[in-house]
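# Remarks on the overall topology
Residues per chain, in single letters:
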Amino acid sequence: MATQAFEEIAETFDFLDDWEDRYRHVIELGKAMPPLEEAFRVPATKVEGCASQVWIRPVIEGEGGAARFDFQGDSDAMIVRGLIAVLHALYSGLSVAEVGRVDAPAELARLGLDQHLSSQRSNGLRAMVERIRRVSAEVAAA
């Protein structure tokens, strides 16, 4: 299960043969994201387990399992901003119930990210996915 936005990223990655080009594309995705307002760069939105500074602010519309999931995010590292943009494409617009059914490791593996990120970046990406899944599960259960 993947959103159209994520499918478009996957198609672009298929077109880009060289990993350096893919890396640049991820950075460009991050540059295109709106920055997170300073007021939301607080401990409650900070993602622990990332080598960089990372903030994810959930934006939920509705209630229960049918609530729509979205989030705003930011990082002090350009590649991580790009990874946040990839996660945004993967999850944004899904219901909170659907978020829990996304196989993020498999979807991200389609992009080759599992093979080309440092272990610190991979751990940070996992921490971001866990934050998204946890927030969605809490809303779905409410």
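Higher on the page you've got the structure.
Notes on the structure in this doc start here. In this text the structure is predicted, and so the values were computed from the model without any measurement.

Definitions and cut-offs
Residues numbered from 1 in each chain as written. Predicted model: local features only at pLDDT ≥ 70, side-chain atom pairs only at ≥ 80, totals over all residues. Heavy atoms only, no water. Salt bridge = Lys/Arg side-chain N within 4 Å of Asp/Glu carboxyl O. Helix = DSSP H or I, 4+ residues; strand = E, 2+ residues; numbered from the N terminus. Buried < 20%, exposed > 50% of the residue type's maximum accessible area, 1.4 Å probe, protein only. Pairing = 2+ DSSP bridges.

### Here we look at the pattern of salt bridges
Considering all chains together, one arrives at 8 salt bridges under this definition. Close ionic contact of Arg110 with Glu107 constitutes a salt bridge, the shortest N to O distance being 2.5 Å. In this pair, Arg110 and Glu107 both sit in helix α5 (residues 104-110), 3 residues apart, roughly one turn of the helix. With a relative accessible area of 38%, Arg110 lands in the partly exposed category. With relative accessibility at 9%, the residue Glu107 sits in the buried group.

### Let's talk about the pairing of strand β1 (residues 54-61)
As paired strands, β1 and strand β2 (residues 68-75) are joined by 8 bridges and run antiparallel to one another. Considered in β2, the bridge of Glu61 is made with Arg68. Here β1 hands over to β2 after 6 residues, with Gly62 in that stretch at a positive phi of 100°.

Interpretation note: all reported values are geometric properties and have no functional meaning in isolation.
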